[in-house]
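For reference, the chains in residue letters:
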Amino acid sequence: IQPQLGDAMFASLHIADVGIFRRLSSAPFARWRSCNNSTVCTPCNIQMWRVFCMKYEGRIEDYNFGTLVRLDVSQEYSQENTILVPRVQFYSIEIARNRRGLNDCHYEAAQKAKAEAAS
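What this report covers is the structure whose coordinates are included nearby. (Residues numbered from 1 in each chain as written. Predicted model: local features only at pLDDT ≥ 70, side-chain atom pairs only at ≥ 80, totals over all residues. Heavy atoms only, no water.)

Across all of its chains, the model carries 3 salt bridges by this definition. The closest approach of N and O atoms between Arg70 and Glu94, which form a salt bridge, is 3.2 Å. Of this pair, Arg70 sits in strand β1 (residues 66-70) while Glu94 sits in helix α4 (residues 87-99); the two residues are 24 residues apart in sequence, bridging distant segments of the chain. Summarising the burial analysis for this pair, Arg70 and Glu94 share the class buried. For the salt bridge of Glu94 with Arg97, the shortest nitrogen-to-oxygen distance reads 3.0 Å. (Salt bridge = Lys/Arg side-chain N within 4 Å of Asp/Glu carboxyl O. Helix = DSSP H or I, 4+ residues; strand = E, 2+ residues; numbered from the N terminus. Buried < 20%, exposed > 50% of the residue type's maximum accessible area, 1.4 Å probe, protein only.)

In structure tokens, the structure reads:
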């Protein structure tokens, strides 16, 4: 696959992208397209994410710093579509979404709007 300008599949959010993606790509508790408080915040999932996140202590600066992540990848950031998670969890979710092409819809919408504005 040849990367093209704006292709999120090849975007890098952190130097540890590859390791994060490999470690998490098959995790049963990880949901990429959409998630909600009940899937992210169950005691079982909280514990699994905690174990995952702690592996990056000292490797990712502010790994546990609170960061907003979209619950539904197809929607923009909004009060209803965000949840606060540790930074490494945000990286994990967004890296996986990028690699799977789930964020492409936003780039395509921006390109369409740009073309319409130029017309």
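Residues Leu68, Tyr77 and Leu84 make up a contiguous nonpolar surface patch of roughly 330 Å² in combined accessible area. Structurally, Leu68 is set in strand β1. (Patch = residues over 30% accessible without salt bridge, like charges linked within 9 Å, V, L, I, M, F, W, Y side chains within 5 Å. Areas by Shrake-Rupley, 256 points an atom, 1.4 Å probe, with all protein chains shown as cover.)

One non-glycine residue, Asp62, lies in the positive phi region at around 55 degrees. Note that Asp62 resides in the loop between α3 (43-54) and β1. A relative accessible area of 40% means that Asp62 is categorised as partly exposed.

Within the element layout of this structure, Thr82 appears in strand β2 (residues 82-86). One polar contact links the side chain of Thr82 to the main-chain carbonyl oxygen of Ser78, over a distance of 2.9 Å. Those residues in contact with Thr82 that lie beyond four places of it in its chain are Leu68, Val69, Leu71 and Tyr77. (Polar contact = N/O pair within 3.5 Å; in protein donor to acceptor, adjacent residues only side chain to side chain. Contact = heavy atoms within 4.5 Å.)

Taking 1.5 Å per residue as the helical rise, α3 with its 12 residues ought to reach 16 Å, and the 16 Å between its terminal C-alpha atoms agrees with that figure. For α3, the set of buried residues is Asn45, Trp49, Phe52 and Cys53. Within α3, the buried residues cover an arc of 95 degrees as seen down the axis, which keeps them to one side. (Expected span 1.5 Å × (residues − 1). Arc of directions from axis to C-beta.)

A few words on the packing of aromatic side chains. A complete count under the given rule lists 3 aromatic pairs for this structure. Relative to Phe52, the ring of Trp49 lies with its centre 5.7 Å away and its plane at 90 degrees, an arrangement referred to as edge-to-face. Taken as a pair, Trp49 and Phe52 lie in helix α3 at a separation of 3 residues, close to a single helical turn. For the pair formed by Trp49 and Phe52, the shared burial category is buried. Relative to Tyr56, the ring of Phe52 has its centre 5.4 Å away and its plane inclined at 55 degrees; by these criteria the two rings are tilted. Neither residue differs from the other here; Phe52 and Tyr56 are each classed as buried. A connected cluster of aromatic rings, assembled from ring pairs, spans Trp49, Phe52 and Tyr56. (Phe/Tyr/Trp six-rings, centres within 6.5 Å; stacked < 30°, edge-to-face > 60°.)

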